[in-house]
Amino acid sequence: MEWRYYPMSLIQKEIADFTVQCYQNNAFRAVSKADVLGKWSVFFFYPADFTFVCPTELEDLANLYEKFQTVDCEIYAVSCDTHFVHKAWHDASERIQKIQYPMLADPTHCLSKDFEVYIEADGLAERGSFIVNPEGKIVAYEVNAGNVGRNADELLRKVQACQFVAEHGDEVCPAKWQPGAETLKPSLDLVGQL
């Protein structure tokens, strides 16, 4: 019988300590776990700079960055490229020049391995989106095949739903929930009524 590894869910996993280099607003700086704690974060892994689907996704996030900021959520774009490559890509691409959020460099794969999106054979990260709460725990995530791009509007909606549930522990958000819409209070009375 062939042995297979079936990963456990990453929900409620606390992210490991890390310190990596980042490119943001024409400067290099270090980003660590301490910088992440205390606010909501999205770790947005993508395979590589200077590619095809990735710039469309990162531009989509850049166009909504202000909305993420208004809900106290930081975006961290992450690839296995160096911070020098991030700067070169930023300088070369009109789409990437729109980015104001931190672009984290993960050439040692510490982040991509911790979030379990590292592709060993390619030395690249899968296309993974992770919502991390202020305590540094993963509360939602999605991993796509490399040839399928993501939707920043839906990611923002998920962040807002996670924030709502964290604040209102006795309520849950139904499908397609938007801020201000009706929520549900799980109870015996609801069983079989939806």
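Parameters and conventions
Residues numbered from 1 in each chain as written. Predicted model: local features only at pLDDT ≥ 70, side-chain atom pairs only at ≥ 80, totals over all residues. Heavy atoms only, no water. Salt bridge = Lys/Arg side-chain N within 4 Å of Asp/Glu carboxyl O. Helix = DSSP H or I, 4+ residues; strand = E, 2+ residues; numbered from the N terminus. Buried < 20%, exposed > 50% of the residue type's maximum accessible area, 1.4 Å probe, protein only. Core = buried A, V, L, I, M, F, W, Y, C linked by side-chain atoms within 4.5 Å. Pairing = 2+ DSSP bridges. Axes fitted to C-alpha atoms, helices over the stretch in contact; angles between N-to-C directions. UniProt positions renumbered as here; feature names shortened; annotations may be inferred.

(A) Here's a closer look at the pattern of salt bridges. Inspection of every chain in the model, using the stated rule, returns eleven salt bridges. A salt bridge links K39 to D72, with the nearest nitrogen and oxygen atoms 3.7 Å apart. Of this pair, K39 sits in the loop between helix 1 (33-36) and strand 3 (40-45) while D72 is found in the loop between helix 2 (53-70) and strand 4 (73-79), placing the two residues 33 residues apart along the sequence. Assessed through its relative accessible area of 23%, K39 is described here as partly exposed.

(B) Fine view of unusual backbone geometry. Although it is not a glycine, H109 adopts a positive phi angle of roughly 70°. You can see H109 is positioned in the loop between strand 5 (103-105) and helix 5 (110-114). Residue classification places H109 among the buried positions, given a relative accessible area of 16%. One non-glycine residue, K176, lies in positive phi territory at about 60°. Mapped onto the secondary structure, K176 falls in the segment after helix 6 (152-167).

(C) Structural view of the nonpolar core. Of all hydrophobic cores here, the largest spans 29 residues; its most connected members are V42, L58, L61, F68, Y101, M103 and I131. For this core, the elements supplying multiple residues, two or more each, are strand 3, helix 2, strand 4, strand 9 (138-144) and helix 6. Considering every element that reaches this core, the biggest residue donor is helix 2, with seven residues. Counting residues in each nonpolar core, the second largest holds 21 residues, with C80, F115, Y118 and V132 among its members.

(D) Looking closely at the sheet that holds strand 5. Overall, mixed pairing links the seven strands, which are arranged 2-1-5-4-3-8-9 in an open sheet. The open sheet terminates on both sides in strands that have one partner only, identified here as strand 2 (27-32) and strand 9. The average angle at which neighbouring strand axes cross in this sheet is 25°, direction not considered. Note: strand 1 (residues 19-24) against strand 5, two bridges, orientation antiparallel.

(E) Looking closely at the UniProt feature "active site" (unreviewed entry) in the chain. Here, UniProt's "active site" (unreviewed entry) annotation points to C54. Here C54 lies in helix 2. We classify C54 as buried; its relative accessible area is 1%.

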